[in-house]
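# A closer look at the structure
Residue-level listing of the chains:
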Amino acid sequence: MRTAIYPGTFDPVTKGHLDILTRGKELFDGVTIAIAADNQKTPLFSLGERMELLLEATKDMPNVDVRVFEGLTVEFARKCGAVAILRGLRALSDFEYEFQLALMNKKIAPDIETVFLMTQSEFSFISSSAIKWASSLHAGVSDFVTPHVEKALMAKFSNLRSDVRDEDS
Ligand code: COA
């Protein structure tokens, strides 16, 4: 079995992530989506919520599983027995960061390769942050996320708005 991990924050999972996953899983016998528990971002969705959204999005993908990890990505890849780390590249702006990350990972774990796939052009300008921003301002984001993620975003922002109203009154 030659498997890969697909690490990220997934706050929330987008159609861009799913595009990379759908194409990446054809290259391997299996892919483990690895949700990073500790990075410098302040996520909107809890780890449990991100896991639920990913499980729903990948429920028809038999060779994909979803796990949470802490610490180094390469160590988690080893723990999973994976031979590669799958990452998507959107634009030139991603390259420098991804290049640095891939070289750091290669230095720490020379046996694990990073495999990059180019994101499809219709998703090359989106990010989870841009989608959250648009959704918080009531813009439809159905072109970029699956219906259950759009619903979760609307519910999250509606709850946040009612929390703010409660605090103000
Ligand atoms: N289409 C559209 N958007 C995409 C995308 C795609 N194919 N792929 C990524 N994105 C977006 C994400 O939505 C995300 O947007 P955001 O910044 O607005 O949240 C952004 O690109 C990058 O996110 P992601 O792919 O989730 O990566 P990340 O930078 O949040 O996390 C880790 C990267 C988890 C892999 C990295 O932090 C890590 O390895 N951490 C563990 C510690 C470690 O090993 N460090 C390295 C050695 S020191």
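Under an unreviewed UniProt entry, the chain has the name Phosphopantetheine adenylyltransferase and belongs to Desulfosporosinus acidiphilus. Taken from UniProt, the Pathway (unreviewed entry) comment for the chain reads in full: "Cofactor biosynthesis; coenzyme A biosynthesis; CoA from (R)-pantothenate: step 4/5."

### Considerations on helix H5 (residues 128-136)
One turn of an α-helix holds 3.6 residues; hence residues three or four places apart share an orientation. Taken together, the buried positions of H5 are occupied by Ser128, Ile131, Lys132 and Ser135. For H5, the arc enclosing every buried residue in end-on projection is 100 degrees, short of the 170-degree limit, so these residues lie on one face. In H5, the exposed residues that point more than 90 degrees away from the buried face are Ser129 and Trp133. Looking at the packing, one finds that the buried side of H5 touches helix H1 (15-24) and helix H6 (147-168).

### Side note on the UniProt feature "binding site: substrate" (unreviewed entry) in the chain
Listed under "binding site: substrate" (unreviewed entry) in the UniProt record, and renumbered for this structure, are Thr9, Lys41, Thr73 and Arg87. The subset of these annotated residues that lines the largest pocket comprises Thr9, Lys41, Thr73 and Arg87. Judged by relative accessible area, threonine 9 falls into the buried class, the value being 12%. The residues touching threonine 9, leaving out its near neighbours within four places in the chain, are Ile35, Asn39, Lys41 and Arg50. Tracing the backbone through its elements, the reader meets arginine 87 in strand E4 (residues 84-89). We classify arginine 87 as buried; its relative accessible area is 16%. Leave out the neighbours within four places in its chain, and arginine 87 touches Tyr6, Pro7, Gly8, Ile20, Tyr97, Glu98, Leu101, Thr114, Val115, Phe116 and Leu117. A distance of 2.8 Å separates the side chain of arginine 87 from the backbone oxygen of proline 7, its partner in a polar contact.

### Describing the nonpolar core
Ranked by internal contacts, the top residues of the largest apolar core, which has 31 residues, are Tyr6, Val13, Leu21, Ile33, Leu54 and Leu153. Looking at this core, the elements that each hand over two or more residues are strand E1 (3-8), H1, strand E2 (30-36), helix H2 (47-57), strand E3 (64-69), E4 and H6. For leucine 153, the contacting residues outside a window of four places in its chain are Pro12, Leu44, Phe45, Ile131, Lys132, Ser135, Val141 and Val145. With eleven residues, the next largest nonpolar core counts Ala82, Ile85, Ala109 and Ile112 among its residues.

Each value, and the rule that gives it
Residues numbered from 1 in each chain as written. Predicted model: local features only at pLDDT ≥ 70, side-chain atom pairs only at ≥ 80, totals over all residues. Heavy atoms only, no water. UniProt positions renumbered as here; feature names shortened; annotations may be inferred. Buried < 20%, exposed > 50% of the residue type's maximum accessible area, 1.4 Å probe, protein only. Helix = DSSP H or I, 4+ residues; strand = E, 2+ residues; numbered from the N terminus. Arc of directions from axis to C-beta. Contact = heavy atoms within 4.5 Å. 1 Å grid on protein atoms, 1.4 Å probe; cavity = no way out; pocket = protein on both sides within 12 Å on 5 of 7 lines; lining within 4 Å. Polar contact = N/O pair within 3.5 Å; in protein donor to acceptor, adjacent residues only side chain to side chain. Core = buried A, V, L, I, M, F, W, Y, C linked by side-chain atoms within 4.5 Å.

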